[in-house]
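# Breakdown of the fold
Chain by chain, the residues run as shown.
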Amino acid sequence: MINNCSILLSKKCSIYFSVHKSIVKKLTDAQEKAFRHAKHELELEGFTFNKEDEEMIKKVMTGEMTRDEMIQKTISNSQKKSLPPKQ
């Protein structure tokens, strides 16, 4: 089963960022605020995130990576973790 935490957080960050973008002039501050808020909401719902998840999401928010690239990388990482060890 694919861990959807990164995808959910990315969606929530996008929503909050678009709301705060028109209010806050400092783009990086708005992005960080949106990220923290979305992450907190998902953690309250029981989701967890590792550093790699957080880094990928921030790359999407800054335009360094597309959302589709993040989804593919998340799927790939999930599949690698679920494969049995090589003998």
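Description of the structure in this document. (Residues numbered from 1 in each chain as written. Predicted model: local features only at pLDDT ≥ 70, side-chain atom pairs only at ≥ 80, totals over all residues. Heavy atoms only, no water.)

A few words now on the overall build of the protein chain. Per the secondary structure count, the protein chain includes four helices and zero strands. Its helices and strands in sequence order give the protein chain the pattern α-α-α-α, from N to C terminus. Each of the 87 residues in the protein chain was classed as buried or not, and the buried ones make up 33%. When contacts within the protein chain are restricted to residue pairs at least 6 apart in sequence, long-range pairs at least 24 apart make up 59% of them. (Helix = DSSP H or I, 4+ residues; strand = E, 2+ residues; numbered from the N terminus. Buried < 20%, exposed > 50% of the residue type's maximum accessible area, 1.4 Å probe, protein only. Contact = heavy atoms within 4.5 Å.)

Attention now goes to the packing of aromatic side chains. Aromatic rings in a pair are described by how distant their centres are and how their planes are angled relative to each other. Under the definition given, this model contains zero aromatic pairs. Its end group placed over the ring of Phe 35, Lys 58 keeps NZ or CZ at 4.7 Å from the ring centre. (Phe/Tyr/Trp six-rings, centres within 6.5 Å; stacked < 30°, edge-to-face > 60°. Lys NZ or Arg CZ within 6 Å of the ring centre and 35° of its normal.)

If you look at the biggest cluster of nonpolar residues, it comprises nine residues: Ala 34, Phe 35, Met 56, Ile 57, Val 60, Met 61, Met 65, Met 70 and Ile 71. Of all the elements, helix H3 (residues 51–62) adds the most residues to this core, at four residues. (Core = buried A, V, L, I, M, F, W, Y, C linked by side-chain atoms within 4.5 Å.)

What follows concerns the packing of H3 against helix H4 (residues 67–82). Helix-helix packing: each pair is described by the crossing angle between the helix axes and the interaxial distance. As a packed pair, H3 and H4 sit with axes 9 Å apart at the nearest point and diverge in direction by 165°. It follows that H3 is roughly antiparallel to H4 by the angle criterion. Remark: the crossing between H3 and H4 carries right-handed chirality. Between H3 and H4, the residues in contact are Glu 52, Met 56, Ile 57 and Val 60 and Arg 67, Met 70, Lys 73, Thr 74 and Asn 77, respectively. Residue composition of the contact of H3 with H4, grouped by class: four nonpolar, two polar and three charged. (Axes fitted to C-alpha atoms, helices over the stretch in contact; angles between N-to-C directions. Parallel < 35°, antiparallel > 145°, perpendicular 65-115°, else oblique. Left-handed = near helix turned anticlockwise from the far one by under 90°. Nonpolar A, V, L, I, M, F, W, Y, C, P; charged D, E, K, R; others polar.)

This brings us to the pattern of salt bridges. Any two side chains of opposite charge can pair, on the condition that their charged atoms come close. All told, the structure shown has four salt bridges when counted by the stated rule. Glu 32 is paired through a salt bridge with Arg 36; the nearest N and O atoms lie 4.0 Å apart. Pair noted here: Glu 32 and Arg 36 are both in helix H2 (residues 27–44), with a separation of four residues, about one helical turn. Three or more residues joined by partner-sharing salt bridges are found here, namely Glu 32, Arg 36 and Lys 58. (Salt bridge = Lys/Arg side-chain N within 4 Å of Asp/Glu carboxyl O.)

Right, let's get into H4. Along its 16 residues, H4 runs 23 Å from first to last C-alpha, staying within 8% of the 22 Å computed at 1.5 Å per residue. Three or more residues of H4 are buried, namely Met 70, Ile 71, Thr 74, Asn 77 and Ser 78. Buried residues of H4 fall within an arc of 130° about the axis and therefore sit on the same side. For H4, the exposed residues set more than 90 degrees away from the buried face come down to Asp 68, Gln 72 and Lys 80. (Expected span 1.5 Å × (residues − 1). Arc of directions from axis to C-beta.)

Purely geometric stuff here, so don't read any function into it on its own.
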